[in-house]
Amino acid sequence: NQQPPELQRRNPRYQVQSGDVITLDFPFTPKFNQALTVNPDGYVALQGAGDIHIGGETVPQIQSDVRKAYGGIPRDPEGSVTLKQFENPYFLALGQVQKPGKYDVQGNTTVAEAIAMAGGFTPKAKHSDVLLFHRVSDNWLSARKVNLKHMLTSKNLSEDLQLHPGDMIYVPQNRLSKIKPFIKLPTPFSYTNLTLPPNK
């Protein structure tokens, strides 16, 4: 049986991911000082202590892992782990927006603001069925529908949802845009003399 998603902390700590850089500093045993880049599989290679997996962990968790990995070799209680380089929090805007892509989460970004950052809707967009996908755990993804058309026409943005890092917004096509336009057929008609209008 699958377990329901767990409640998430309101202010979760940053979890290290592939490409992030951490530094280890040992004031009394500086030969163990090092800068480490997290590999795509989540591992880093500790000098003199082998590989440990830190992908998805917070800095305090990594600090504990490093101490266990060294097993007292440095004998340095002042050793510290610092996150030096990390990916900025981002969201994805996909589907019928003018500039689909990856954007930085800036402060309290809402769905409407995110779509504006992505250049706004295309003419084919279905404004009433904007989808917001949010990861609630490793195995669960929540999906919520946002009716931006109603919010904008009623000038009531109280229902506009706030984004979280890693969220994805998807704007589907409206039903009319999925219907192919009619093509005038030549007379007499055959597929060999059919000329399609150029794409614009």
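Look up a bit, the structure's there.
The following paragraphs examine the structure supplied in this document. These numbers were taken from a predicted model, which means no experiment stands behind them.

### Structural notes on the packing of aromatic side chains
Here is step 1 of the chain: Applying the stated criterion to the full structure yields four aromatic pairs.
Here is step 2 of the chain: Note on Phe-32 and Tyr-70: the rings are 5.1 Å apart at their centroids and 70° apart in plane angle, and the pair reads as edge-to-face. Residue Phe-32 is located in the loop between strand E1 (21-25) and strand E2 (34-37), and its partner Tyr-70 is located in helix H1 (residues 59-70); the two are separated by 38 residues in the primary sequence. Each member of the pair, Phe-32 as well as Tyr-70, is classed as buried.
Here is step 3 of the chain: Relative to Tyr-103, the ring of Phe-91 lies with its centre 5.7 Å away and its plane at 20°, an arrangement referred to as stacked.

### Notes on the sheet that holds E2
Here is step 1 of the chain: Pairing is antiparallel across the open sheet formed by three strands, whose spatial order is E2-E1-E5. Only two strands of the sheet have a single neighbouring strand rather than two, namely E2 and strand E5 (80-85). On average, each strand axis in the sheet is tilted by 25° relative to the strand beside it, whichever way the strands run.
Here is step 2 of the chain: On top of the sheet, H1 reaches E1, E2 and E5; it is set at about 130° to E5, its chief contact.

### Examining the nonpolar core
Here is step 1 of the chain: If you look at the biggest cluster of nonpolar residues, it comprises 20 residues, and the most contacted ones within it are Phe-91, Val-111, Ile-115, Val-130, Leu-148, Ile-169 and Val-171.
Here is step 2 of the chain: Sorting the residues of this core by element identifies strand E6 (90-95), helix H2 (111-117), strand E8 (130-135), helix H3 (148-154) and strand E10 (168-171) as the ones contributing at least two each.
Here is step 3 of the chain: Counting residues per element, this core draws most heavily on H2, at three residues.
Here is step 4 of the chain: With residues near it in sequence (within four places) discarded, Val-171 still touches Leu-94, Gly-95, Gln-96, Val-97, Ile-115, Phe-121, Ala-125, Lys-126 and Val-130.
Here is step 5 of the chain: One finds Val-16, Ile-22, Val-38 and Tyr-70 within the second-largest nonpolar core, a separate group that totals 16 residues.

### Concerning the side chain of Glu-57
Here is step 1 of the chain: If you trace the backbone, Glu-57 turns up in the loop between strand E4 (50-53) and H1.
Here is step 2 of the chain: Discounting residues that sit within four places of it in the chain, Glu-57 has contacts with Tyr-14, Gln-15, Val-16, Ile-62 and Asp-65.

What counts, and where the lines are drawn
- Residues numbered from 1 in each chain as written.
- Predicted model: local features only at pLDDT ≥ 70, side-chain atom pairs only at ≥ 80, totals over all residues.
- Heavy atoms only, no water.
- Phe/Tyr/Trp six-rings, centres within 6.5 Å; stacked < 30°, edge-to-face > 60°.
- Helix = DSSP H or I, 4+ residues; strand = E, 2+ residues; numbered from the N terminus.
- Buried < 20%, exposed > 50% of the residue type's maximum accessible area, 1.4 Å probe, protein only.
- Pairing = 2+ DSSP bridges.
- Axes fitted to C-alpha atoms, helices over the stretch in contact; angles between N-to-C directions.
- Contact = heavy atoms within 4.5 Å.
- Core = buried A, V, L, I, M, F, W, Y, C linked by side-chain atoms within 4.5 Å.

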